[in-house]
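Each chain, letter by letter, is given below.
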Amino acid sequence: MEITYLLAFGCSLLATLIVMPKLIPFLHKIKFGQSIRKEGPQSHMVKTGTPTMGGIVFVVIPIIVMLVLDIHAFSSSKLLLIVFAYLGYAFIGFLDDFLIVVKKNNDGLKPSMKFFLQSVLAIIFYVWYQSIADTSLSIPVLHVSIPLGLLYFVLIFFMFTAESNAVNLTDGLDGLCAGTSLIAMFPFIIFALLQSEKDVAMMLLAISGALIGYLRFNLHPAKIFMGDTGSLAIGGLLAATAMVLKTELLLILIGGVFVMEVVSVVLQVASYKTTGKRIFKMAPLHHHFELKGMKETQVVLMFWCLQLVFALLGLWLGVI
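Just so we're clear, the structure is a prediction, and the values are computed from it rather than from any experiment.

## Brief notes about unusual backbone geometry
The linkage connecting histidine 220 with the following residue, proline 221, adopts the cis geometry, with an omega of -5°. Of note, proline 221 is situated in the loop between α7 (198-218) and α8 (227-244). Cis geometry is adopted by the peptide bond preceding proline 284, which originates at alanine 283 and carries an omega value of 0°. Following the sequence through the fold, proline 284 ends up in the loop between α10 (256-275) and α11 (285-291). In this structure, serine 196 takes a positive phi of about 60° despite not being glycine. One can find serine 196 in the loop between α6 (176-194) and α7. Phi angles above zero are rare outside glycine, and lysine 246 is one such case at about 55°. Of note, lysine 246 is situated in the loop between α8 and α9 (248-254). Lysine 246 sits in the buried class, given a relative accessible area of 18%.

If you want it as C-alpha cells, here you go:
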C-alpha cells in the first residue's frame, strides 16, 4: 500500500509536469486568458491574458491516476463524496471561468447564482453524508463528540460555502493559493492515515502531487492561473475531507490563511459601509501587504509560512 501512495503522488506529479507545457500554449492559442480586475493593484494589469483554468489539470489528473492505480478505491462512500465535492465545485468554477474568458471581462457567474450553486451542492453533500455517518461534532483534544442533529446541516452548509469562497479569495497572487492549499492538505493526509482511511489519503496525495506540478508553472511570474475552476474545487475538497474525517473544527485552524483572507474582506466591507473608512489599503489581505510596499513574492512566502504554522498547530491538536 505504501508503494501505491508513492505511485499516486509521483504519477500525478509527472503527468502534470508533462501536460502543463502543452496546455499553456493551447490556452494561449484559443485566447483563454485571465481578465484582471480594474479595482485590483495596478501592478497586476500586466498579468492580463495569462492563461487561466489551469485548475482543470490538478482536478482531472489525480482522479485518472486513482482510477488506473486502484479503481476499487471508489467503492468507498467517503472517497466518492470527496471526489464528487471536488468535481462539483470545480464545475461551478469552470462555468465562472468560461463566462469570464468568453466575455473578456471579470464578470462571470452572478454572485447570487454562484452562491446558489454552491449552496445546492452543500445540501446534497449533507444529505449524502448523514446517510452514511453520524452527524456529531468531534471536539479536538477533549476527544468527545456532540450530537448536533439538524444543527449539523448549518455547520456543513457554512463549511462548504465559506471554505470554497475563502480559497477563491486567496487566489490573487502567483503561487499563493496553490502553495497554501498544498500545505493545508498535509494534516488531512495524516488524519486519514491515522483513521485507516487509506483511499482518502491516497487521493489527497495524488492531488498534492498534481498541485506541486502545477505550482512549477504558477510561481512568479505565473505562466498559468488555476482560475475559479481550481480554487473552488480545492475549497470543496477541503470541506468534504474535513467532514468525512470528523475534523470540522480543525478545518478552521488548518485553513487559517483562508480564514484571514475572507475575514479581511468582511471587515473591509462592513467598515466602509458603516463608517465610510477602509481598514486595509485593499482587501483581500494579501493586496494590503502589496500596497504597503512588499514584493509579491515576499507576501506569498509570508503567507506560506503562516499557513505552515496553522497546519502544524491543527495537526498537533488533531493527534494529541
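## So, the packing of α6 against α7
The geometry of α6 relative to α7 is characterised by a closest axis approach of 9 Å and an angle of 165° between their N-to-C directions. Regarding the angle of α6 to α7, the classification is roughly antiparallel. As for how α6 packs across α7, the hand of that crossing is left-handed. Only Lys198, Val200, Ala201, Leu204, Leu205, Ile207, Ser208, Leu211, Ile212, Tyr214, Leu215 and Asn218 of α7 make contact with α6, whose side of the interface consists of Ala178, Gly179, Ser181, Leu182, Met185, Phe188, Ile189, Ala192 and Leu193. Looking at the contact of α6 with α7, its residues break down into 16 nonpolar, four polar and one charged.

## A closer look at the side chain of serine 271
Mapped onto the secondary structure, serine 271 falls in helix α10. The class for serine 271 is buried, based on a relative accessible area of 13%. When residues no more than four places from it in sequence are discounted, the contact partners of serine 271 are Gly276, Lys277, Arg278 and Ile279.

## What about the packing of aromatic side chains?
According to the stated counting rule, one finds 13 aromatic pairs in the structure shown. Ring plane angle 65° and centroid distance 6.1 Å describe the contact between phenylalanine 32 and phenylalanine 98, whose orientation is recorded as edge-to-face. Highlighted residues: phenylalanine 32 in the loop between α1 (2-29) and α2 (55-69) and phenylalanine 98 in helix α3 (residues 77-103), separated in sequence by 66 residues. Residues tyrosine 89 and phenylalanine 160 carry aromatic rings whose centres are separated by 5.9 Å and whose planes lie at 10° to one another, so their mutual orientation is stacked. Residue tyrosine 89 is found in helix α3, and its partner phenylalanine 160 is found in helix α5 (residues 151-170); the two are separated by 71 residues along the sequence. On the basis of relative accessibility, which here comes to 0%, the residue phenylalanine 160 falls in the buried class.

Here is what the cut-offs are and how they apply
Residue numbers restart at each chain and count upward from 1, following the sequence in its written direction. Confidence filtering applies because this is a predicted model: local features only for residues at pLDDT of at least 70, side-chain atom pairs given and counted only at 80 or more, and all residues used for totals across whole chains, interfaces and linings. Hydrogens and water molecules were not included; the side-chain quantities draw on all heavy atoms of the structure. Strands here are runs of E lasting at least two residues and helices are runs of H or I lasting at least four, both read from the DSSP assignment and numbered beginning at the N terminus. In this scheme, a residue with accessible area under 20% of its type's maximum is buried, one over 50% is exposed, and one in between is partly exposed, where area comes from a 1.4 Å probe on protein chains only. Interaxial angle, 0 to 180 degrees, is taken between N-to-C directions of lines fitted to C-alpha atoms, where a helix line uses only the stretch in contact. An angle counts as roughly parallel when it lies under 35 degrees, as roughly antiparallel when it exceeds 145, as roughly perpendicular when it falls between 65 and 115, and as oblique in every other case. Crossings are sorted by hand: turned counterclockwise from the far helix by less than a right angle, the near helix makes the crossing left-handed, and turned clockwise it makes it right-handed. Any two residues whose heavy atoms approach within 4.5 Å are treated as being in contact. Throughout this entry, Asp, Glu, Lys and Arg are counted as charged residues, while Ala, Val, Leu, Ile, Met, Phe, Trp, Tyr, Cys and Pro are counted as nonpolar. The remaining residues, Gly among them, count as polar. Aromatic pairing here means that ring centres of Phe, Tyr or Trp (its six-membered ring) are within 6.5 Å. Orientation follows from the plane angle: under 30 degrees is stacked, over 60 is edge-to-face, and everything else is tilted.

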